[in-house]
Amino acid sequence: MRPLPLLLAFACVTTTAAAQVARGDSAYLVTTTQALLDAITSGDTAVWAPVLAPDWLLSDEEGAAIGRKEFLAGLHGLPAGQSGKLTVRNWHLTGRPGVIVMTYDADEEHHYYGQLLLTVFHQTDTWIKAGGHWLQLASQATALPHPIAGRPVAAALSAEYTGSYALTPEIKLTIAADDSGLVINRTGRPGQRLYALDDRLFIRHGVRGFWVFERDSAGKVAELVNWRDNNRVTWRREE
């Protein structure tokens, strides 16, 4: 369980967090974590079982709490028509004697019945030393939005969207258009690019949720709605 690329990358890590953890322990946890991710797509419980504490708990990207027994029972290889891999990236470790917390990104490449799905999961794992061996006590996963290039928006349509929108009389934003598309501007904040999924649905990179331009009964753009975790936040257009 010592992939050469991981070991070479580990040799270059000089973060403060990593310096708090012995190099041998850090190398072991990074390579073991990669082996665990490899075993997810293959469904190999023999890799997972020896390193999970009896009271291990996973909080997955959907918010479900899953124990050791349930996790191992549900670990199966990908079905026919699917394949993929998970790669450890951007890891940081911190700890004290007998306890290490490792946070990292797990880049997923999932070939799903002829379509490619790309996802980044941010993981935080807690490891404890018991009987001279490192055991994983807990893990938490968060799915991060995948950045996309977006699609072009016609200049005439962009012009319809530009203007000022108000959340309250004091809190406002403006939508501006340039050669690259639409930008959200708020006072005291850097502009944020909007990336189009279609002619009225937009996202921002690195932020959950999406933005929708809504029209009134006359067909005029009247609202900019920010959907945040299935909650509607409405910004009303000002004349």
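Refer to the structure above for everything that follows.
I will try to describe carefully the structure that is included in this document. The structure displayed is predicted, hence computed values, not measured ones. (Residues numbered from 1 in each chain as written. Predicted model: local features only at pLDDT ≥ 70, side-chain atom pairs only at ≥ 80, totals over all residues. Heavy atoms only, no water.)

A word on the side chain of Gln 82
As for its placement among the helices and strands, Gln 82 is situated in strand 3 (residues 82–96). Within the structure, the side chain of Gln 82 is placed 3.2 Å from the side chain of Tyr 113, a separation counted as a polar contact. Those residues in contact with Gln 82, other than ones at most four positions away along the chain, are His 110, His 111, Tyr 112 and Tyr 113. (Helix = DSSP H or I, 4+ residues; strand = E, 2+ residues; numbered from the N terminus. Polar contact = N/O pair within 3.5 Å; in protein donor to acceptor, adjacent residues only side chain to side chain. Contact = heavy atoms within 4.5 Å.)

Structural notes on the pattern of salt bridges
Enumeration according to the criterion identifies 9 salt bridges in this entry. Between Glu 160 and Arg 215 there is a salt bridge; the shortest N-O distance is 2.8 Å. Taken as a pair, Glu 160 in helix 6 (residues 155–161) and Arg 215 in strand 12 (residues 210–215) lie far apart in primary sequence, 55 residues in all. Its relative accessible area of 36% is what places Arg 215 among the partly exposed residues. Of the charged contacts in the structure, one is a salt bridge between Arg 193 and Asp 178, with a shortest N-O distance of 3.1 Å. Here Arg 193 is found in strand 10 (residues 192–196), whereas its partner Asp 178 is found in strand 8 (residues 172–178), with 15 residues between them in sequence. Judged by relative accessible area, Arg 193 falls into the partly exposed class, the value being 24%. Within the structure, one salt-bridge network assembled from shared partners comprises Arg 89, Asp 105 and Asp 107. (Salt bridge = Lys/Arg side-chain N within 4 Å of Asp/Glu carboxyl O. Buried < 20%, exposed > 50% of the residue type's maximum accessible area, 1.4 Å probe, protein only.)

Here we look at the sheet that holds strand 10
Read once around its circumference, the closed barrel built from 8 strands follows the order 7-8-9-10-11-12-13-14, with strand pairing classed as antiparallel. When strand polarity is set aside, the average angle formed by the axes of neighbouring strands in this sheet is 35 degrees. Direction of pairing for strand 7 (residues 163–166) relative to strand 14 (residues 231–237): antiparallel, over a ladder of 2 bridges. When the bridges of strand 14 are listed, Tyr 165 appears paired with Arg 237. (Pairing = 2+ DSSP bridges. Axes fitted to C-alpha atoms, helices over the stretch in contact; angles between N-to-C directions.)

Overview of helix 3 (residues 23–42)
For helix 3, which comprises 20 residues, the first-to-last C-alpha distance of 29 Å matches the rise-based estimate of 28 Å (1.5 Å per residue) to within 8%. Buried within helix 3 we find Ser 26, Ala 27, Leu 29, Val 30, Thr 31, Thr 32, Thr 33, Gln 34, Ala 35, Leu 36, Leu 37 and Ala 39. After helix 3 finishes, the residue Gly 43 shows a positive phi value of roughly 75 degrees. (Expected span 1.5 Å × (residues − 1).)

Considering the pairing of strand 12
Across 2 bridges, the pairing between strand 11 (residues 201–203) and strand 12 is antiparallel. Counted as the bridge partner of Leu 201 is Val 212 from strand 12. Counted along the chain from strand 11 to the antiparallel partner strand 12, the turn is 6 residues long, and its residue Gly 206 has a positive phi close to 75 degrees. Of the strand pairs in this sheet, strand 12 and strand 13 (residues 221–228) are connected by 6 bridges, and their pairing is antiparallel. Residue pairing in the sheet places Trp 211 in a bridge with Asn 226 of strand 13. Counting the residues that bridge the hairpin from strand 12 to strand 13 gives 5 residues, and of these Gly 219 lies at a positive phi of roughly 90 degrees.

Topic: the packing of aromatic side chains
As enumerated under the stated definition, the model contains 8 aromatic pairs in all. Seen from their ring centres, Tyr 161 and Phe 202 are 6.1 Å apart, and the 90 degrees between their planes marks the pair as edge-to-face. On the criterion of sequence distance, the pair formed by Tyr 161 in helix 6 and Phe 202 in strand 11 is long-range, its members being 41 residues apart. Residue Phe 202 is classed as buried on the basis of its relative accessible area of 1%. Considering the side-chain rings of Phe 202 and Phe 213, the 5.5 Å spacing of their centres and the 85 degrees angle between planes classify their relative orientation as edge-to-face. (Phe/Tyr/Trp six-rings, centres within 6.5 Å; stacked < 30°, edge-to-face > 60°.)

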